[in-house]
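# Survey of secondary and tertiary structure
The chain contents come next:
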Amino acid sequence: MTQKELNYVEDIYNHEMLIISVFNDIAENIDDKKYQTVLKEHIKAHTSLAKKQEKLLEDCANE
């Protein structure tokens, strides 16, 4: 993977982490249980994506 591609993956990872953080903040400050449930499902999905990107970055670092 080129440095430019690696930078793109790192940017995507950072974006996912930001989304997770924002969703967590919203979920903690909202009273509606339905919205909390929806947000928590989105957090799970984005956490899964972030873990896959972490693995990709680790694999690239080990090459």
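Quick note: structure is the one above.
Now for a description of the structure that goes with this document. (Residues numbered from 1 in each chain as written. Predicted model: local features only at pLDDT ≥ 70, side-chain atom pairs only at ≥ 80, totals over all residues. Heavy atoms only, no water.)

### Comments concerning helix H2 (residues 33-61)
Note that an α-helix has 3.6 residues per turn; residues three or four places apart therefore point the same way. The terminal C-alpha atoms of H2, which comprises 29 residues, lie 41 Å apart, in line with the 42 Å expected from a rise of 1.5 Å per residue. Among all positions of H2, only Gln36, Leu39, Ile43, His46, Ala50, Gln53 and Cys60 are buried. Contacts from the buried residues of H2 go to helix H1 (3-28). In this structure Asp32 caps H2, since a side-chain oxygen of it lies 2.8 Å from the backbone nitrogen of Lys34. (Helix = DSSP H or I, 4+ residues; strand = E, 2+ residues; numbered from the N terminus. Expected span 1.5 Å × (residues − 1). Buried < 20%, exposed > 50% of the residue type's maximum accessible area, 1.4 Å probe, protein only. Contact = heavy atoms within 4.5 Å. Polar contact = N/O pair within 3.5 Å; in protein donor to acceptor, adjacent residues only side chain to side chain.)

### Digging into the environment of Ser48
With respect to the helices and strands, Ser48 occurs in helix H2. You can call Ser48 partly exposed: its relative accessible area is 33%. Spatially, the C-alpha atom of Ser48 lies 9.7 Å from that of Glu16, the residues being 32 residues apart in sequence.

### Remarks on the side chain of Glu16
By the element assignment, Glu16 lies in helix H1. If we skip the residues at most four places from it in the chain, Glu16 touches His46, Leu49, Ala50 and Gln53.

### Some details on the pattern of salt bridges
Where charged atoms from two side chains of opposite charge come close, those side chains can pair. Under the definition given, this model contains two salt bridges. A salt bridge links Glu41 to Lys44; its shortest N-O distance comes to 3.6 Å. Taken as a pair, Glu41 and Lys44 lie in helix H2 at a separation of three residues, close to a single helical turn. For Lys44, a relative accessible area of 53% corresponds to the exposed category. Among the ionic pairs, Lys55 bridges to Asp59, the shortest N-O distance being 3.3 Å. On the criterion of helical spacing, the pair formed by Lys55 and Asp59 is a turn pair, its members being four residues apart in helix H2. (Salt bridge = Lys/Arg side-chain N within 4 Å of Asp/Glu carboxyl O.)

### Observations concerning the side chain of Gln53
By secondary structure assignment, the location of Gln53 is in helix H2. Among residues more than four places away in sequence, those in contact with Gln53 are Val9, Ile12, Tyr13 and Glu16.

On their own, these measurements won't tell you what the molecule is for.
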